[in-house]
Amino acid sequence: MDFRLLGSVAVVAADGRELAVGSPKRRSLLAMLLLHPGMPVGVDRLTEALWDERPPRHARTVIHNHVSGLRALLAAHGAAAAGVELATDGSGYLLRAPAAAVDAGRFERYLRSARAAREPGAAVAALGEALALWHGPALAGTEPSLPLLCAARSLEELRLAAVEELARAHGRLGDHGAAAGVLAVEAALNPLRESLVAALMLALGRAGRRSEALEWFRRTRRTLAEQLGIDPGAELVEAHAVLLRSEAVPKAGPVAVPAPVPVPVPPAAAAGPAVAAPAPWPFPRRPRGFSGREGELAALDRAARSPGAIAVVTGGAGIGKTALAVHWAHLHRAEFPDGQLFVDLCGHSQLPERPTGAVLRELLLALGLPAEQMPSSPAALAARYRELTYGRRMLIVLDNARRSEQVRPLLPDGDDCVTLVTSRDRLGGLVATDAARPVPLAELSAPQSVTLLATTLGPDLGPDLVGSEPEAAARLARLCDGLPLALRLAAARIATCPSLGLAALADELADEQGRLGLLEVEDTSVAAALALTVQHLSVPARRLFRHLGTHTGTTLDSRTAAALADCGLPQAAGALEQLATAHLVVEIGRDAYTLHDLVRLYARSLPAGAGGDEALPRLLDHLLHTLLAASAAAEPGSEPCCELPADTRRPVGVRPFPDRAGALAWYAAERDTLRGAALAAVAAGRHDRAWRLVLLQWPLIVWQVRDGWVPLLEHGLAAAEADLAPGAQSRARALLGWVLLEEGRPEEALVHLERAPGLAALAGDRSAEAVALVNLAAALARHGGDGAPARARELLGRASALAERAGRADLVALARQHLADTCLADGAPEEAARHAARGLALAEPPFPAARRVVLQTLYGRALAATGHPEEAAHHLEAALRAARLHQYGEGESAARAALAALRAGAAPGGRQR
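Residues numbered from 1 in each chain as written. Predicted model: local features only at pLDDT ≥ 70, side-chain atom pairs only at ≥ 80, totals over all residues. Heavy atoms only, no water.

A. Molecular detail of helix α6 (residues 146–172). If you check α6, its first and last C-alpha atoms are 39 Å apart, about what 27 residues at 1.5 Å a residue would give, namely 39 Å. Of all 27 residues in α6, 26 are buried; the element is thus mostly enclosed. (Helix = DSSP H or I, 4+ residues; strand = E, 2+ residues; numbered from the N terminus. Expected span 1.5 Å × (residues − 1). Buried < 20%, exposed > 50% of the residue type's maximum accessible area, 1.4 Å probe, protein only.)

Below, the structure written as structure tokens:
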């Protein structure tokens, strides 16, 4: 009998059949017992693991029933003979099983064996066995509770450590290519984990792939700057320096096994007011280290001036809503001679939401109403409350509200009271019907974040640390997303261990996999704060949020959301609106949203629940359909470079692209998302999707050809080879060869370009063969040496004939364009003019305007070279006007240069791309 935690939680019988464990809660109970093998796990701990929201009244009975079901399942499949026993121990339960029966235990033993191995070959074997035990995210199929999420994160950290150690062991064997292969997929899936990228760079350098290694550094530096606003850390910079020096890279030491991430303890309930007799109402103390928020404090000042003022302070978890309200209250204490009242409504809390009647009774007691005079009904309580607040000058702070209807009965009467409400939701109803003034809180700016960090550290520690490490302080602030809660937690880690230093903590936080775990101190954490928001979402919004962890980008719209959550467009739009209302996503435009890093990491840490395994395939298919639409708009008149697989699922909505500019803008904006999707498809073994996700980006690749496309195209080629698709291999090699050629790497380019036509012929794909021949011919014309021009013209003639037989006018025009260019360079302007004229005849709308500009410029140059200056000027001026109209800068430069040469009396020569 085998127990599995490294993937979906499962039990496998001796005959290899997976047993039907049952519901996610039963799997969660089994997982908790397996995570503590042979040790009793108390009912309270099991209750915490099984219920994301508050447990039912009979939680113990439910747990007992699940235990009974597991016992029956195990007994029916020979548990006793296998040495497996599920026993009761006091107020808890324990599962006894052989040490080798739990895959997580076997994984850790292999890991220890690898670390103890003296020979790298033995370490490679042990680590390979360890990683082979993984079949997906750890603890999949369980409830998304904090104990299980933290355990899953800890196991994932162990897996990544094993990957890094396996790469080092391959390196010690001298197999640096294998080391790079091990690291490449993980680095692609974790692009901000600098230690992985640094190790990959060094492995590639040792393997003789120095240019590829440097490209990883450039791409990672750009990603860090764009997503986090930071520079590469010391480890990445040192790897880059070593590669630039072309020195041998020193061997890395062993990676320490990370300790399990502690599970946050639910915060204790704040002590409420005494109810036996009227007493001064307890008000929170002034927030320590409060800084910034001058604009929001001024907004509260303005809101408080109106009669019966109501201000609603809104923002996401940990943004500092309560701190702002309490700080403002302390600043204005003297303005409220009749007192200040503070009530936590527990709208987003691990405690149950406060009943309105109970809150009103406490408020009335604080206002001096004797208990024996307390009304009995909620309506009467609210009326008495309004009566007692009328004419008083008071401040009422209603903290942590969730709904407008929760707040309305607690609003005081008269014009002299001010009410501050804080909420993670927008409370639009309160704004609409009660004239509440919204005061939204955004993330702190970089200077404000650094100031808060310094003030939280205190006068003895803060100024010195921040002053001595200003860059690290700024980086730390950015990694905390400007979130006050995260900044305070970071400060707490520094305060308890000043020797750690700001730079070291920033380096730790830069690792996305462990960032949420690091932002956790005792009973407070960013993850716990976000969990309280998520648990109060509607079922559709919660389902969508869990699936956001699958998304390979940081921006999305309702169509992408519908694909992730497998729902209709109206449901997706509604769920996104709810997430924006709860400040879990940020609306950045019409039907356009983004996630902050910490929220994105939390979503990624959650299991997707039922059907979650299909979220990635749905996303990939959605992106493929969108790419088809984008390529059709970006290159009108061209046919798709591939067909979609027969089992591709059509999404409920595909983004429309009205013109070429809009399509290219989308390509550029979604480049990181598309790259992430291609790499995720490779990691999931969906190679048929992966190469299509790469090749369908060809319009942007062609027009931004020198923008670092080689690594992505190499992934696409590898996926096409894994999919045994010769036509796709041909297109990938043709495109990769062209990019390498434009990057000034002709020898590498020709290796791919020479192989591309044969692969296309093998696939029977005439269009792909024509493209491959055109690209090969262009490369030979530039870099082929003696005899190359003649061969290039022969290849282009074949390409034109193939394109005509395939009915591809766009490819015929492309071949003619290159023939004209080659003939001009080869001193045959009459032939060049014929080819350019034939190409122009085919280049009518919807043919891309930019390509028509190129053909018309070539035709003008050819006419000038054959002694027809007036006709040449006519075509060159037309090309110049069209290039300006369509903002085609390179075409404008070529046309202007040809015109200048014509007017100077010289035949415009040279080669035009």
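B. Spotlight on the nonpolar core. Counting residues in hydrophobic clusters, the biggest one holds 136 residues, and the most contacted among them are Phe3, Phe107 and Leu139. What phenylalanine 3 contacts, discounting residues up to four positions off in sequence, is Ala10, Val11, Leu30, Leu34, Leu74, Val84, Leu95, Ala97, Ala101, Val102 and Asp103. (Core = buried A, V, L, I, M, F, W, Y, C linked by side-chain atoms within 4.5 Å. Contact = heavy atoms within 4.5 Å.)

C. Looking closely at unusual backbone geometry. Backbone geometry at aspartate 591 places phi at a positive 50°, although glycine is not the residue there. Tracing the sequence through the fold places aspartate 591 in the loop between β14 (586–589) and β15 (592–594). Owing to a relative accessible area of 28%, aspartate 591 belongs among the partly exposed residues under this scheme. For leucine 724, which is not glycine, the phi dihedral falls at a positive 55°.

D. The arrangement of the sheet that holds strand β5 (residues 92–96) in detail. Taken in spatial order, the 3 strands of this open sheet run β3-β5-β4, and their pairing is antiparallel. Each having just a single partner strand, β3 (41–42) and β4 (85–89) make up the two edges of the open sheet. Two elements, β4 and β5, share 5 bridges in a ladder whose sense is antiparallel. When the sheet's bridge partners are listed, aspartate 89 is paired in β5 with glycine 92. Against the sheet, helix α3 (residues 59–76) contacts β4 and β5, and its axis sits at roughly 150° relative to β4. (Pairing = 2+ DSSP bridges. Axes fitted to C-alpha atoms, helices over the stretch in contact; angles between N-to-C directions.)

E. Seen up close, the environment of leucine 741. Position of leucine 741 among the secondary structure elements: in helix α34 (residues 726–742). Classification of leucine 741 as buried rests on a relative accessible area of 4%. Sequence separation between leucine 741 and asparagine 775 is 34 residues; the distance between their C-alpha atoms is 9.5 Å. Discounting residues that sit within four places of it in the chain, leucine 741 has contacts with Pro746, Ala749, Ala778, Ala779, Arg782 and His783.

F. Region of the structure containing the pairing of strand β6 (residues 310–314). Of all 5 residues in β6, 5 are buried, a share of seventy percent or more. Here β6 shows two buried faces, one formed by Ile310, Val312 and Thr314 and the other by Ala311 and Val313. One ladder, built from 5 bridges, connects β6 with strand β9 (residues 418–423); its direction is parallel. Directly across from isoleucine 310, in β9, lies its bridge partner threonine 419. Across 4 bridges, β6 lies against strand β10 (residues 437–440) in parallel orientation. For valine 313, the partnering residue across the bridge sits in β10 and is valine 439.

G. Region of the structure containing the packing of aromatic side chains. For the structure shown, the criterion picks out 5 aromatic pairs. Judged by centre distance (5.7 Å) and plane angle (80°), the ring pair of phenylalanine 107 and tryptophan 134 falls under edge-to-face. Here the residue phenylalanine 107 occupies a position in helix α4 (residues 103–116), and tryptophan 134 occupies one in the loop between α5 (120–132) and α6, the gap between them amounting to 27 residues. Like tryptophan 134, phenylalanine 107 is buried. Between tryptophan 328 and phenylalanine 336, the ring centres sit 6.3 Å apart and the planes meet at 55°, which makes this aromatic pair tilted. Pair check on accessibility: tryptophan 328 and phenylalanine 336 agree, each one buried. The rings of Phe657, Trp666 and Tyr667 are connected pair by pair, giving a single aromatic cluster. In this structure, arginine 159 packs its charged tip against the face of tryptophan 134, placed 5.9 Å from the ring centre. One Lys or Arg, arginine 219, reaches over the ring of tryptophan 216 and ends 4.3 Å from the middle of that ring. (Phe/Tyr/Trp six-rings, centres within 6.5 Å; stacked < 30°, edge-to-face > 60°. Lys NZ or Arg CZ within 6 Å of the ring centre and 35° of its normal.)

These figures come from the coordinates and say nothing about function on their own.
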